[in-house]
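# Report on the structure
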Amino acid sequence: MRWKNRPPGSNWGDFGPDDQRGRMNLVTREKVLQGIAEVKEGITFCCSLPLDYPGGQVLNPRRAPPRLAATSRDGKQFFCRPLNEFNPNMTDVICDDQVLMALQYSSQWDSFAHVGGRFDADGDGRAELVFYNGFRAGEDVVPAAQKNSEGWDRFEGTQAKALGIQNLAEHGAQGRGVLIDLHHHFGRERRAVGFSDLMKVLEKDRVEVEKGDMVCIYTGFADVLLEMKKKPDPKLVNETCSGLDGRDAKLLQWISDCGLACILADNYAVELIQGSLTDPLPRK
C-alpha cells in the first residue's frame, strides 16, 4: 500500500490499491446494456464545445486558444500542396493540419492526475503531495516533457507514469446517462446548488440516480459562451448560471452514497468556483 490514511470521503482502495479508474469501474457491461435499453428515439447530438471556444483567456489566464497550422516539409507548408512536387505521376493535393492547444481549453474530461492534494497519507504527521489512491507527485505523476534550448521537444516520457487519461479512454465512456436540468429550474441565475435544492429538482423532474450512472448536469453556461462568439465578457462568465455547491457536506455525502460513476456538466467545473486562489477558505 502506498498510503496508511485516506482522505475523508474518498474512495481510495475501494477498487484495489493500484486502481487508476475510480468509479468508472462501476460502468460495467450491464450498465452499458441498461443505457442502450433506454434509448427511444436514436437521436445523436454533440456534447462538446468547438475546440476554439470560449475564446480568449477569460475563464483561465494560463489556457490560451488553440493554434492551428499546416504540417511542413522542406520548409514549405502542406496546405493545398500538390504531390507532383515529389513524384510527377501523383495527382493528389494535400492539406495536413497540426494543432497546439491546452487540453482543457474547450470541453474535456479530467484525469485523476489533474487535481491532487496536500494530505498526510503516510500517517507520519507530514502532508505529502498525493493524488487518487496515494500516487505521488514527482514520482508517479511527472511532466511528459522538459524544455531545452530549442523548445518543448525533449521528451522524458509520453505521459504521467500513473493516472493518465488513457486509463479512462481504454475503459470507454458508454453507459447510462442521467440528465439533471438545473437551467430549467434556475435559468441563468448565479446559484450554488446544494443538497436541498438538488433533491427538490430530482423530485420535481422524477429523476433517479442509480449506482454506476453517468450524471450530466445542464446549466446553460455553454449556451452563454456560444452566444458570445469567442469574445467572452469577464463579468458575465463569472456571474452567470448555476453549478453545484462543492462546500455542501450533505451534497458531497449524497454523491458518495448514491454510487454515481461520474459527474459531467456544461459549465466550467461542475461546481461553482468562488473567489480567487488567495482567498481564505470558508469555515463551516
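Residues numbered from 1 in each chain as written. Predicted model: local features only at pLDDT ≥ 70, side-chain atom pairs only at ≥ 80, totals over all residues. Heavy atoms only, no water.

## Concerning the environment of R190
Residue placement: R190 occurs in the loop between α3 (182–186) and β12 (192–193). Classification of R190 as partly exposed rests on a relative accessible area of 31%. Here the alpha-carbon distance between R190 and V237, two residues 47 residues apart in the chain, equals 9.9 Å. With sequence-adjacent residues up to four places away left out, R190 is seen in contact with V237, N238, E239, T240, C241, L272 and I273. Within the structure, R190 has its side chain in polar contact with the backbone oxygen of N238 (distance 3.4 Å). (Helix = DSSP H or I, 4+ residues; strand = E, 2+ residues; numbered from the N terminus. Buried < 20%, exposed > 50% of the residue type's maximum accessible area, 1.4 Å probe, protein only. Contact = heavy atoms within 4.5 Å. Polar contact = N/O pair within 3.5 Å; in protein donor to acceptor, adjacent residues only side chain to side chain.)

## Here's the deal with the nonpolar core
Residues I180, L182, L198, V209, W254 and L260 are the most contacted members of the largest nonpolar core, which totals 19 residues. Breaking this core down by element, the ones donating at least two residues are β11 (177–181), α3, α4 (195–205), β13 (214–218) and α7 (249–258). Considering each element in turn, this core owes the most residues, four residues, to α7. Not counting residues within four places of it along the chain, the set of residues in contact with I180 comprises L198, V201, L202, V207, V215, C216, I217 and Y218. With eleven residues, the next largest nonpolar core counts W3, W12, F135 and L163 among its residues. (Core = buried A, V, L, I, M, F, W, Y, C linked by side-chain atoms within 4.5 Å.)

## Description of the packing of aromatic side chains
Going through the model one piece at a time under the given rule, you end up with four aromatic pairs. Aromatic pair W12 and F119: ring centres 6.1 Å apart, planes at 85°, arrangement edge-to-face. Residue W12 is found in the segment before α1 (29–37), and its partner F119 is found in strand β7 (residues 117–119); the two are separated by 107 residues along the sequence. On the basis of relative accessible area, W12 is assigned to the buried category, the value being 6%. (Phe/Tyr/Trp six-rings, centres within 6.5 Å; stacked < 30°, edge-to-face > 60°.)

## Observations regarding α4
Buried within α4 are the following residues: D197, L198, V201 and L202. Each buried residue of α4 sits inside an arc of 135° when the element is viewed along its axis, so together they form one side. Opposite the buried face of α4, at more than 90 degrees from it, the exposed residues are E203 and K204. Along its buried surface, α4 packs onto β11, α3, β12 and α7. Once α4 finishes, R206 follows within two positions and takes phi at roughly 55°, a positive value. (Arc of directions from axis to C-beta.)

## Focus on the side chain of T219
Inspection of the secondary structure puts T219 in the loop between β13 and α5 (221–227). A distance of 3.2 Å separates the side chain of T219 from the backbone nitrogen of F221, its partner in a polar contact. Once you skip the residues sitting within four places of it in the chain, T219 turns out to touch L182, H183, G187, C241, S242, D266 and N267.

## A word on the confidence of the model for the protein
Chain-level statistics for the protein give a pLDDT mean of 89 and a share of 90% at 70 or above. Contacts from residues 276–284, a stretch scored under 50 in pLDDT, to residues over four places away or in other chains number five contacts. (pLDDT = per-residue confidence, 0-100.)

## Observations concerning the packing of α4 against α7
Packed helices, taken two at a time, are described by the angle their axes make and the gap between the axes. Between α4 and α7, whose axes approach to 8 Å, the crossing angle comes to 50°. With respect to α7, the element α4 is oriented oblique. Residue-level contacts link F195, L198, M199 and L202 of α4 to K250, L251 and W254 of α7. When the residues that make up the contact of α4 with α7 are grouped by side-chain class, the tally is six nonpolar, no polar and one charged. (Axes fitted to C-alpha atoms, helices over the stretch in contact; angles between N-to-C directions. Parallel < 35°, antiparallel > 145°, perpendicular 65-115°, else oblique. Nonpolar A, V, L, I, M, F, W, Y, C, P; charged D, E, K, R; others polar.)

## Side note on α7
One full turn of an α-helix is made of 3.6 residues, so residues set three or four places apart face in the same direction. Residues of α7 that are buried include every one of L251, W254, I255 and C258, and no others. End-on, the buried residues of α7 take up no more than an arc of 100°, which puts them together on one face. Along α7, exposed side chains directed more than 90 degrees from the buried face belong to A249 and D257. Check the buried side of α7 and you find it contacts β12, α4, β14 (243–244) and β15 (262–265). In this structure D248 caps α7, since a side-chain oxygen of it lies 2.9 Å from the backbone nitrogen of K250. Phi for G259, located one or two positions after α7, is positive at around 80°.

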